[in-house]
Amino acid sequence: MSMIDTVRADMMTAMKEKNKFKKEALSALLSALKAKAIDAGDRGSLPDDVAFAVVAKEIKALKETAETAPAGYEEVVKECKEKIEILSAYMPKQMSEDEIKDTVKGVLSRLGIDSPSAKQKGVIMKNLMPLVKGKADGKLVNEILASFFVD
């Protein structure tokens with residue numbers, strides 16, 4: 001079952017349960033997934049990695065909205081956090097910092113790099129990102145990789 005079908009089924013369940021908030025959150029996600037599928041030229045489904053990227057983008061937008069909400073808008077922040085919780089169920093398990101560090105070490109050893117420098121970052125990231133894409137926040141991966149540099 002594709003991500004689009006799963007979200008659609010969960011949205012129908014939310015409608016039957018009269019859970020308007022969850023239905024609206026899933027409806028927005030479904031719209032984003034369908035738009036991406038249309039952009040990709042396939043109206044029926046998306047590869048998992050693309051679908052996960054769409055979900056991650058939606059979560060990131062909600063986080064930014066919550067972080068930039070002015071004082072006195074606690075209700076908006078609360079709604080964003082609840083929507084993030086709903087959408088997070090559609091993401092694969094996220095890697096821990098230790099798992100990311102182990103992956104970075106594995107990539108460095110495979111590339112034969114003992115003392116990585118900032119000049120080698122492009123080559124390292126090119127090999128690292130396919131291993132962590134959708135499973136870890138890119139910003140966190142970048143920070144962890146930077147901690148390995150000896151410059």
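Residues numbered from 1 in each chain as written. Predicted model: local features only at pLDDT ≥ 70, side-chain atom pairs only at ≥ 80, totals over all residues. Heavy atoms only, no water.

Q: Please clarify how the overall build of the chain should be interpreted in this entry.
A: When you go through the chain residue by residue, the secondary structure sums to seven helices and zero strands. Going from N to C terminus, the chain has its helices and strands arranged as α-α-α-α-α-α-α. Against the compact-globule benchmark of 15 Å for 151 residues, the chain has a radius of gyration of 19 Å, which places it well outside the compact range. Projected onto the principal axes, the alpha-carbon positions of the chain cover approximately 55 × 40 × 25 Å. Considering the chain as a whole, with its 151 residues, one finds that 29% of them fall into the buried category. In the chain, the share of contacts with a sequence separation of at least 24, taken over all contacts with a separation of at least 6, comes to 63%. Looking at the chain as shown, the accessible area adds up to about 9,700 Å², and 53% of this sits on carbon and sulfur atoms. Considering the chain, the positive charge centre built from 25 side chains and the negative charge centre built from 24 side chains are found 4 Å apart. (Helix = DSSP H or I, 4+ residues; strand = E, 2+ residues; numbered from the N terminus. Rg over C-alpha atoms; globule rule 2.2 N^0.38 Å. Buried < 20%, exposed > 50% of the residue type's maximum accessible area, 1.4 Å probe, protein only. Contact = heavy atoms within 4.5 Å. Areas by Shrake-Rupley, 256 points an atom, 1.4 Å probe, with all protein chains shown as cover. Lys, Arg positive; Asp, Glu negative; His and termini not counted. Charge placed at Lys NZ, Arg CZ, Asp CG, Glu CD.)

Q: What is the right way to look at the pattern of salt bridges in this model?
A: Side chains that differ in charge, positive against negative, can pair when their charged atoms come close. Overall, the coordinates contain three salt bridges when judged by the stated rule. Taking the shortest distance from any N to any O, the salt bridge between Arg8 and Asp5 comes out at 3.3 Å. One end of the pair, Arg8, and the other, Asp5, are both in helix α1 (residues 3-16), three residues apart, so they sit about a helical turn from each other. Arg8 gets classed as partly exposed once you look at its relative accessible area, which sits at 32%. (Salt bridge = Lys/Arg side-chain N within 4 Å of Asp/Glu carboxyl O.)

Q: Can you help me understand α1 in this one?
A: Residues that lie three or four places apart on an α-helix share one face, since the helix turns once every 3.6 residues. Relative to the 20 Å expected for 14 residues at 1.5 Å per residue, α1 spans 20 Å between its end C-alpha atoms, a close match to the ideal helical length. Buried within α1 are the following residues: Met3, Ile4, Val7, Met11 and Ala14. Down the axis of α1, the buried set is contained in an arc of 100°. They therefore lie on one face. Packing partners of the buried residues in α1 comprise α2 (20-39) and α3 (48-68). Downstream of α1 by a residue or two, Lys18 has a phi angle that is positive, lying close to 60°. (Expected span 1.5 Å × (residues − 1). Arc of directions from axis to C-beta.)

Q: Looking at this structure, I do not really get unusual backbone geometry. What am I missing?
A: For residues besides glycine, phi is generally negative; the peptide bonds are generally trans as well. We note that Lys18 has phi near 60°; this positive angle belongs to a residue other than glycine. Relative to the helices and strands, Lys18 resides in the loop between α1 and α2. A relative accessible area of 74% places Lys18 in the exposed class.

Q: Before we go on, may I ask you to explain the nonpolar core in this structure?
A: Nonpolar side chains tend toward joint burial in soluble globular proteins. Core analysis: the biggest nonpolar cluster contains 24 residues, and Met3, Val7, Leu29, Leu33, Val55 and Tyr90 have the highest contact counts within it. Top contributing element to this core by residue count: α2, with seven residues. Leu33 has contacts with Met3, Ile4, Val7, Leu46, Ala51 and Val54, leaving out every residue within four places of it along the chain. Listed in part, the 15 residues of the second largest apolar core include Met95, Val107, Ile113 and Phe149. (Core = buried A, V, L, I, M, F, W, Y, C linked by side-chain atoms within 4.5 Å.)

Q: For this particular structure, what's the right way to read the packing of α2 against α3?
A: Contact geometry for α2 and α3: axes closest at 10 Å, N-to-C directions at 135°. Accordingly, the angle class assigned to the pair α2 and α3 is oblique. The hand of the α2/α3 crossing is right-handed. Residue-level contacts link Leu29, Ala32, Leu33 and Lys36 of α2 to Val50, Ala51, Val54, Val55 and Glu58 of α3. Across the contact of α2 with α3, the residue classes tally to seven nonpolar, no polar and two charged. (Axes fitted to C-alpha atoms, helices over the stretch in contact; angles between N-to-C directions. Parallel < 35°, antiparallel > 145°, perpendicular 65-115°, else oblique. Left-handed = near helix turned anticlockwise from the far one by under 90°. Nonpolar A, V, L, I, M, F, W, Y, C, P; charged D, E, K, R; others polar.)

Geometry only, nothing functional implied.
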